[in-house]
Amino acid sequence: MSIELANESGVEVPGDLIIESARFAITAMDVHPAAELSVVCVDEDTMADMHMQWMDLPGPTDVMSFPMDELVPGGRPDAAEPGPAILGDIVLCPAFAAQQAKSARRSFEHELSMLTIHGVLHLLGYDHAEPDEEKEMFGLQNRILEEFYAARHHRAQQQRQSDRDTQLLTNIGFAETARTENAPAEDE
């Protein structure tokens, strides 16, 4: 999976988190693993221009999505195996997202993860123009976001345990012994 991030916003963003959120959502939606995605962070003026040009709405917004290929998650069991595709572009406005996060009492990082997942769902054809569509899309978005955080928490726990194990083995001298035993002899 290829995910490219360009930050043209002038605001420092957690790029690894944005990419990780996108990758998780794409995987959760069963999109071909060789799919390509572009994420661009822009300033409020640029987003306001795009919002007017593409949605005919004034002012900036938090996220916009521009799909490239018609993709559907999963697919039918009797359908041919889908190949890699270009999902499209997600455009984020970090300055707008920061204000939105503050008023909703959420972290900036959470807001960007949520908006990235939201953008991926739009690329896959989900919308929230009608109440039933909104319920489906936001339900799916919240489930993916919850699973994303659970997976991150699990990886962090595993890393902490691994770090403790390594420290314990080093403290009792086993880690040093293991390195010495596995090291090649000087005459080899």
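It should be noted that the structure appears before, not after, this text.
Source: prediction; values computed, not measured.

Rules behind the numbers
- Residues numbered from 1 in each chain as written.
- Predicted model: local features only at pLDDT ≥ 70, side-chain atom pairs only at ≥ 80, totals over all residues.
- Heavy atoms only, no water.
- Helix = DSSP H or I, 4+ residues; strand = E, 2+ residues; numbered from the N terminus.
- Salt bridge = Lys/Arg side-chain N within 4 Å of Asp/Glu carboxyl O.
- Buried < 20%, exposed > 50% of the residue type's maximum accessible area, 1.4 Å probe, protein only.
- 1 Å grid on protein atoms, 1.4 Å probe; cavity = no way out; pocket = protein on both sides within 12 Å on 5 of 7 lines; lining within 4 Å.
- Points joined across faces, edges and corners; volume = space filled by probe spheres on them.
- Nonpolar A, V, L, I, M, F, W, Y, C, P; charged D, E, K, R; others polar.
- Axes fitted to C-alpha atoms, helices over the stretch in contact; angles between N-to-C directions.
- Parallel < 35°, antiparallel > 145°, perpendicular 65-115°, else oblique.
- Left-handed = near helix turned anticlockwise from the far one by under 90°.
- Contact = heavy atoms within 4.5 Å.
- Expected span 1.5 Å × (residues − 1).
- Core = buried A, V, L, I, M, F, W, Y, C linked by side-chain atoms within 4.5 Å.

Draft legend 1. Quick peek at unusual backbone geometry. Unusually for a residue other than glycine, Asp-30 sits at a positive phi of about 60°. Here Asp-30 is to be found in the loop between helix H1 (15–28) and strand E2 (36–41). The phi torsion at Arg-105 lies on the positive side, around 60°, for a residue other than glycine. Inspection of the secondary structure puts Arg-105 in the loop between helix H3 (94–104) and helix H4 (108–123).

Draft legend 2. Just the pattern of salt bridges, in detail. Per the stated rule, a full pass over the model turns up four salt bridges. A salt bridge links Glu-111 to Arg-106, with the nearest nitrogen and oxygen atoms 2.7 Å apart. Given the relative accessible area of 34%, Arg-106 is considered partly exposed. Here Arg-143 makes a salt bridge to Glu-147, at a shortest N to O gap of 2.9 Å. Pair noted here: Arg-143 and Glu-147 are both in helix H5 (residues 131–171), with a separation of four residues, about one helical turn.

Draft legend 3. Up close: the layout of surface pockets. Each pocket or cavity is described by its volume, and for the largest pocket that value is around 430 Å³. Lining the largest pocket are 20 residues, and of these Val-63, Met-64, His-118, His-122 and His-128 sit closest to its centre. Listed by contribution, the elements that provide at least two residues to the lining of the largest pocket are helix H2 (44–55), strand E3 (63–67), H4 and H5. Among the elements that make up the lining of the largest pocket, the one with the highest residue count is H4 (five residues). Residues that form the lining of the largest pocket fall into these classes: nine nonpolar, eight polar and three charged.

Draft legend 4. Fine view of the packing of H4 against H5. It is at 10 Å that the axes of H4 and H5 come closest, and there the two elements cross at 130°. Relative to H5, the element H4 lies oblique. As for the relative orientation of H4 and H5, their crossing is right-handed in sense. When H4 is examined against H5, the residues His-110, Ser-113, Met-114, Ile-117, His-118, Leu-121 and His-122 are found in contact with a partner set consisting of Met-137, Phe-138, Leu-140, Gln-141, Ile-144, Leu-145, Phe-148 and Tyr-149. Here the contact of H4 with H5 is built from residues that sort into 10 nonpolar, five polar and no charged.

Draft legend 5. Fine view of H4. Counted at 1.5 Å a residue, the expected span for H4 with its 16 residues is 22 Å, and the 23 Å between its end C-alpha atoms agrees. The first or second residue beyond H4 is Gly-125, which carries a positive phi of 100°.

Draft legend 6. Expanded view of the nonpolar core. By size, the foremost hydrophobic cluster in this structure holds 34 residues, and its most contacted members are Met-29, Leu-37, Leu-87, Ile-90, Leu-92, Val-120 and Leu-121. Of all the elements in the fold, those that place two or more residues in this core are H1, E2, strand E4 (86–92), H4 and H5. The element best represented in this core is H4, accounting for eight residues. Counting residues in hydrophobic clusters, the runner-up holds eight residues, among them Met-50, Met-64, Val-91 and Cys-93.

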